[in-house]
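What the coordinates show
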Amino acid sequence: MSDCIFCQIINKVIPAEFVYEDDDMVAFLDVNPVHPGHALVMPKQHVEKFVDVSPENCKAIAGVIQKIMKSLTGDLGYDGVNLIQNNGAAAGQIVPHLHFHVIPRKSGDGFAHWHGQGYANGEAALWAAKMRAALETTDAA
Ligand code: AMP
Ligand code: ZN
């Protein structure tokens, strides 16, 4: 996809600070990090959403994420990591090339969790039943 900014980075048309690359995956630093080392992990193949990724790339991306996470809380000394994937514009996805944010965290750094809304009485059980039914007919990579 020639007009995709992440494809342009993957193809070395525009620069980025790469931290990992293999035949199918890359990871580079987010230009606007929560903390230094905040990385974006993605398949080289242009797919927009997680539901679009192939079974092979689905497994491969998990391995790269885990490796980067381990380095952040290992040698690089961070206290925790958030793994975030904004999937679709409604969920805040700005760049339409599938990517996972691997975000290093420090104890007490003050970045807030989102605010949950709770469930009305009985609503959680209804939703769990609806989801179990939906999952019966949903396949995955
Ligand atoms: P989102 O699609 O909501 O996950 O957000 C896209 C992320 O990509 C943001 O955190 C941006 O800071 C980051 N980003 C956008 N352009 C670049 C770039 N050229 N190099 C590195 N990170 C980028
Ligand atoms: Zn792309």
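It should be emphasised that the depicted structure is a prediction, and the values quoted were computed from it without experimental measurement.

Thresholds applied
Residues numbered from 1 in each chain as written. Chains lettered and ligands numbered in written order. Predicted model: local features only at pLDDT ≥ 70, side-chain atom pairs only at ≥ 80, totals over all residues. Heavy atoms only, no water. Pairing = 2+ DSSP bridges. Helix = DSSP H or I, 4+ residues; strand = E, 2+ residues; numbered from the N terminus. Axes fitted to C-alpha atoms, helices over the stretch in contact; angles between N-to-C directions. Contact = heavy atoms within 4.5 Å. Near = heavy atom within 4 Å. Polar contact = N/O pair within 3.5 Å; in protein donor to acceptor, adjacent residues only side chain to side chain. Areas by Shrake-Rupley, 256 points an atom, 1.4 Å probe, with all protein chains shown as cover. 1 Å grid on protein atoms, 1.4 Å probe; cavity = no way out; pocket = protein on both sides within 12 Å on 5 of 7 lines; lining within 4 Å. Sits in = over half its atoms within 2 Å of the grid points. Donors = N, O, S within 2.8 Å, 3.2 Å for Na, K, Ca; no water. Buried < 20%, exposed > 50% of the residue type's maximum accessible area, 1.4 Å probe, protein only. Points joined across faces, edges and corners; volume = space filled by probe spheres on them. Nonpolar A, V, L, I, M, F, W, Y, C, P; charged D, E, K, R; others polar.

**Comments concerning the sheet that holds strand S4 (residues 80-84)**
Read across the open sheet, the 5 strands follow the order S1-S2-S3-S5-S4; overall the sheet is antiparallel. Either end of the sheet is taken by a strand with one partner, and the two such strands are strand S1 (18-21) and S4. Here the strands of the sheet are splayed against their neighbours by 20° on average, with no regard to which way each runs. Note that strand S3 (residues 39-43) and strand S5 (residues 100-105) share 3 bridges and pair antiparallel. Considered in S5, the bridge of Leu40 is made with His101. Helix H2 (residues 55-73) rests against S1, strand S2 (25-29), S3, S4 and S5 of the sheet, and its axis sits at about 160° to S3.

**What to know about the site of ligand 1**
In the vicinity of ligand 1 there are 16 residues, among which Asp30, Gly92, Ile94, His99 and His101 approach most closely. At a separation of 2.7 Å, an oxygen atom of ligand 1 approaches a polar backbone atom of Gly92. At a separation of 2.7 Å, an oxygen atom of ligand 1 approaches a polar backbone atom of Ile94. Look at ligand 1: alone it shows 500 Å² of surface, and the protein chains cover 83% of it. Among the cavities detected, the one that contains ligand 1 is the largest pocket.

**Notes on the coordination of the zinc ion (ligand 2)**
Binding of the zinc ion (ligand 2) to the protein goes through Cys4 (SG), Cys7 (SG), His46 (ND1) and His97 (ND1), at separations of 2.0 to 2.3 Å. Each donor residue of the zinc ion (ligand 2) belongs to the same chain, with the gaps between them written as C-x2-C-x38-H-x50-H. Taken together, the residues Cys7 in helix H1 (residues 5-10) and His97 in the loop between S4 and S5 connect sequence positions 90 residues apart. Taken individually, Cys7 and His97 each receive the classification buried, so the pair is uniform in this respect.

**Some thoughts on the layout of surface pockets**
Taken as a whole, the largest pocket spans an internal volume of roughly 420 Å³. Phe6, Asp30, Val31, Asn32 and Leu40 are the residues nearest the centre of the largest pocket, which is lined by 19 residues in total. Those elements that place two or more of their residues in the lining of the largest pocket are H1 and S2. The biggest single contributor to the lining of the largest pocket is H1, with 3 residues. Here the lining of the largest pocket is composed, by residue class, of 11 nonpolar, 6 polar and 2 charged. In this structure, the second largest pocket occupies an estimated 220 Å³ of space. Taken together, Val34, Asn82, Ile84, Ile103, Arg105, Phe111, Ala112, His113 and Trp114 make up the lining of the second largest pocket.

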